[in-house]
Every structure is written in C-alpha cells, then in structure tokens.
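Spelled out from the first residue to the last, the chains are:
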Amino acid sequence: MPPKKMNSKAAAAMDKKAAAQAVKDKQALAAAEADTAREWSQGANNRKAGRDAATQEREEEKRKREEEKRRALAAEEEELGGIKTTVKKKKKKKGEGDPLLA
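Parameters at a glance
Residue numbers run consecutively from 1 along every chain, following the written order of its sequence. Note on the predicted model: pLDDT of at least 70 is required for a residue's local features to be given, and 80 or more for side-chain atom pairs to be given and counted; whole-chain, interface and lining totals, by contrast, use all residues. Think of the side-chain values as coming from all heavy atoms in the structure, minus any hydrogens and water. Counting from the N terminus, the helices are DSSP H or I runs at least four residues long and the strands are E runs at least two residues long. Three labels apply to residues, based on accessible area from a 1.4 Å probe with only protein chains included: buried if under 20% of the type maximum, exposed if over 50%, partly exposed otherwise in between. Salt bridges are defined as contacts in which a side-chain nitrogen from Lys or Arg sits within 4 Å of a carboxyl oxygen from Asp or Glu. What a helix should span is 1.5 Å times the count of its residues minus one. Candidate patch residues must exceed 30% relative accessible area and have no salt bridge, after which like charges are joined if within 9 Å and Val, Leu, Ile, Met, Phe, Trp or Tyr side chains if within 5 Å. Computed with the Shrake-Rupley method and a 1.4 Å probe, the accessible areas treat only the protein chains shown as cover for residues. Counted as positive: Lys and Arg. Counted as negative: Asp and Glu, with His and the chain ends omitted from the count. A charge is said to be at NZ when it belongs to Lys, at CZ for Arg, at CG for Asp and at CD for Glu.

### Considering the overall build of the protein
Line of reasoning, step 1. Helices and strands together make up the secondary structure of the protein, namely 2 helices and 0 strands.
Line of reasoning, step 2. Out of the 102 residues belonging to the protein, those deemed buried represent 0%.

### Quick look at the pattern of salt bridges
Line of reasoning, step 1. Tallied over the full model, the rule gives 5 salt bridges.
Line of reasoning, step 2. D35 serves as the salt-bridge partner of R38, at 2.5 Å between the closest nitrogen and oxygen. Here R38 and its partner D35 are both found in helix α1 (residues 8-41), 3 residues apart, which amounts to about one turn of the helix.
Line of reasoning, step 3. The partner of K48 in a salt bridge is D52, with the nearest N and O atoms 3.0 Å apart. In this pair, K48 and D52 are both assigned in helix α2 (residues 46-79), 4 residues apart and thus about one turn of the helix distant.
Line of reasoning, step 4. K48 gets classed as partly exposed once you look at its relative accessible area, which sits at 42%.
Line of reasoning, step 5. Judged by its relative accessible area of 41%, D52 falls in the partly exposed class.
Line of reasoning, step 6. Counted as one network, the salt bridges with shared partners bring together E67, R70 and R71.

### A few points about α1
Line of reasoning, step 1. Over its 34 residues, α1 extends 49 Å from the first C-alpha to the last, a length consistent with the 50 Å expected when each residue adds 1.5 Å.
Line of reasoning, step 2. Of the residues one or two after α1, G43 is the one with positive phi, at around 85°.

### Quick look at a negative patch on the surface
Line of reasoning, step 1. Among the surface-exposed residues, E76, E77, E78 and E79 lie close enough to one another that they form a single negatively charged patch.
Line of reasoning, step 2. The residue E76 is located in helix α2 in this model.
Line of reasoning, step 3. For E76, a relative accessible area of 44% corresponds to the partly exposed category.

Listed below in structure tokens is the structure:
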C-alpha cells in the first residue's frame, strides 16, 4: 500500500510540535552547558579573571579621561589660538641662587 496523504491541519500541527521541541531542546542544552560550566568552575582560579577584568576596565576609563582631556585642550587651543601671552622673568635677588654655587 502506498503511504497515505496527510491533511494540511495534521501537517501544520506536526510542524508546530517540531518547532516547540526544538526550542525545548535548545533550552535543555543551554541548561546542561551552564551546569557543566558551574561544575568546572569549582576549584578554578576565578579571582584572576576578575582582577584582569577590573584592570581592563580601569585602563579603559583612563584612556577615556585622557581622550576627553586632549579634546578639551584642543578646543581651548582652537578658541584661544590667536592670543599670545608672554611670561615675565623675575629678577633674582642677591641672596637667592644655588647654595652649592656660592
């Protein structure tokens, strides 16, 4: 006997069941991987990973601050680019000077 033709509703229901089962399998696999990772993390040196992450975060913050500072200085230089100032030299008093040279 040749196989029977399946009606469209039954085929749709089977497809829906297959999709639902795929989602459940994916969730079960993720849970199993999480359990395995938790088991393997016991006895592992997780402190170093935490320290490395904190160090990386601090360096990133430092780079951001330096970049902000450079931008601010560049904006200030652009704003004050045409203004020149001179620094007046102070006269040395007779008593001032390097004591080793006296």
